[in-house]
Every structure is written in C-alpha cells, then in structure tokens.
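For reference, the chains in residue letters:
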Amino acid sequence: MKIFLLGFMGAGKSYWGKQLADVWGLPFYDLDDVIVETEEMAISDIFAAKGEDYFREKESMLLRELSRQDKFLISCGGGTPCFENNMDFMNERGITIWINPSVPTMVERLSRKKAKRPLIQDLDDEELAVFVERKLAERLPFYQQSMHIIASDDISLETFTKNIDHA
C-alpha cells in the first residue's frame, strides 16, 4: 500500500497521516518534516536562503526517494502536487487522497497556529481567509486529479476506511 495525502495547509494531512499509518501499519513520512531534517533548516529559512525553486526540486527528489519503498504513507506539503509533475508521479505510484475541508475550517485551524507558518503569520483572520481561497483556487486543478476526495469538516478514521481500498 502506497498512500499520498494531499491538501491545503490546515486540511489535517499530518494529523490523519499519523493516525492512518498507525492503523494500517505503514511507515509514515511528513514530507515537510523530511525536508527540514535533510536540509537542517526550517522551510521558511530554505525559501529565504535558497529560494522556492530549490525547495521544490528538493521536495520532488525526496518524494521520489521515499516512494521507492514497498509501502508507505506520505503527508505531502500543500504545494507538492503543483510542481515537477508530482501529481502525475503520485497517481502512477500509489493512491492519492485529497483531504478537502471547508475554507472556514482551514482558516480557523490556521489562525490558531499562525506563528508556526511563515507564509501566513502576519495576516489577520480576514486576510487569511482571502489568502486560503486564492491559493486553494490556484491549486485546485492539481488537487482535483486525486483518486479519492474527502470533502468534509467531520471526518474520522472510518471515513478513510470506508472510502479507500487499502488492501
């Protein structure tokens, strides 16, 4: 079983990734965490020091490296599907699942953790909602290519096990 969790910031990819990997007995990787560990720098520092192009190349390389395993669950960064043909790559290699809660739910979650997210830390809640809607619209064509879409604010482990054949 090879699973890629996709979605915007605040969708719950890391949270559900850990839960599902545990239940399904899969090695779990949070792609952003793997990048931070490999680079020994925070993502915001990588962007500032080396630029987004460098970050996206590193992200794609590590995605492909981790995908060589027989089984895994990878929680991808929000932008991962949008670069370097990553969406096609993930759809060819495994099961893609887009976690897509409502914008108000993501905004509410993100507003509580703004300090940890450099892209949004200086935005008030109204600006945050506009940012989320705008970025989500840009990424929609990629997210919509997912094999499974879970569009709900109220999801549970059962939501995944009912909708995804993880055999």
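Residues numbered from 1 in each chain as written. Predicted model: local features only at pLDDT ≥ 70, side-chain atom pairs only at ≥ 80, totals over all residues. Heavy atoms only, no water.

This part is about the layout of surface pockets. Here the largest pocket defines a volume of roughly 1,200 Å³. Those elements giving two or more residues to the lining of the largest pocket turn out to be α1 (13-24), α2 (31-39), α3 (43-50), α4 (52-66), α6 (103-112) and α7 (125-143). If one sorts the elements of the lining of the largest pocket by residue count, α1 sits on top with five residues. Looking at the lining of the largest pocket, its residues break down into 13 nonpolar, eight polar and 15 charged. (1 Å grid on protein atoms, 1.4 Å probe; cavity = no way out; pocket = protein on both sides within 12 Å on 5 of 7 lines; lining within 4 Å. Points joined across faces, edges and corners; volume = space filled by probe spheres on them. Helix = DSSP H or I, 4+ residues; strand = E, 2+ residues; numbered from the N terminus. Nonpolar A, V, L, I, M, F, W, Y, C, P; charged D, E, K, R; others polar.)

A separate point is the pairing of strand β4 (residues 95-99). Counting buried positions along β4 yields five of five residues, so the element is predominantly enclosed. Burial of the side chains of β4 extends over both faces: Ile95, Ile97 and Ile99 are buried on one face and Thr96 and Trp98 on the other. Relative to β4, strand β1 (residues 2-6) runs parallel, the two being bridged by four bridges. Looking across to β4, one finds that Leu6 is bridged to Trp98. As paired strands, β4 and strand β5 (residues 148-150) are joined by three bridges and run parallel to one another. Its bridge partner being in β5, Ile97 is matched across the sheet by His148. (Buried < 20%, exposed > 50% of the residue type's maximum accessible area, 1.4 Å probe, protein only. Pairing = 2+ DSSP bridges.)

Before going further, it helps to spend a moment on α4. When the terminal C-alpha atoms of α4 are compared, their 21 Å separation across 15 residues agrees well with the 21 Å that a helix rising 1.5 Å per residue should span. Taken as a whole, α4 has its buried residues at Phe55, Arg56, Lys58, Glu59, Ser60, Leu62, Leu63 and Leu66. (Expected span 1.5 Å × (residues − 1).)

In contact at an axis separation of 9 Å, α2 and α3 are set at 60° when each is read in the N-to-C sense. When the axis of α2 is compared with that of α3, the two are oblique. In this structure, the crossing between α2 and α3 has a hand that is left-handed. Contacts between α2 and α3 involve Asp32, Ile35, Val36 and Glu39 on the former and, on the latter, Ile43, Ile46 and Lys50. Along the lines of polarity and charge, the residues of the contact of α2 with α3 split into four nonpolar, no polar and three charged. (Axes fitted to C-alpha atoms, helices over the stretch in contact; angles between N-to-C directions. Parallel < 35°, antiparallel > 145°, perpendicular 65-115°, else oblique. Left-handed = near helix turned anticlockwise from the far one by under 90°. Contact = heavy atoms within 4.5 Å.)

Looking now at the sheet that holds strand β3 (residues 72-75). The parallel open sheet is built from five strands, whose spatial order is β2-β3-β1-β4-β5. Two strands bound the open sheet, and with one partner strand each, they are β2 (28-30) and β5. On average, each strand axis in the sheet is tilted by 20° relative to the strand beside it, whichever way the strands run. Here α2 sits on the sheet in contact with β2 and β3, set at roughly 70° to β2.

With that out of the way, let us pick up the side chain of Thr159. Its place among the elements puts Thr159 in helix α8 (residues 157-163). Using a relative accessible area of 15% as the deciding quantity, one classes Thr159 as buried. A distance of 2.9 Å separates a polar side-chain atom of Thr159 from the backbone nitrogen of Ser156. Excluding its chain neighbours within four sequence positions, the residues that come into contact with Thr159 are Ile150 and Asp154. (Polar contact = N/O pair within 3.5 Å; in protein donor to acceptor, adjacent residues only side chain to side chain.)

Below, the discussion takes up the state of the cysteines. According to the stated counting rule, one finds zero disulfides in the structure shown. Considering cysteine sulfurs only, Cys82 is the nearest to Cys76, which forms no disulfide, with 11 Å between them. For Cys76, a relative accessible area of 3% gives the class buried. (Disulfide = S-S within 2.5 Å.)

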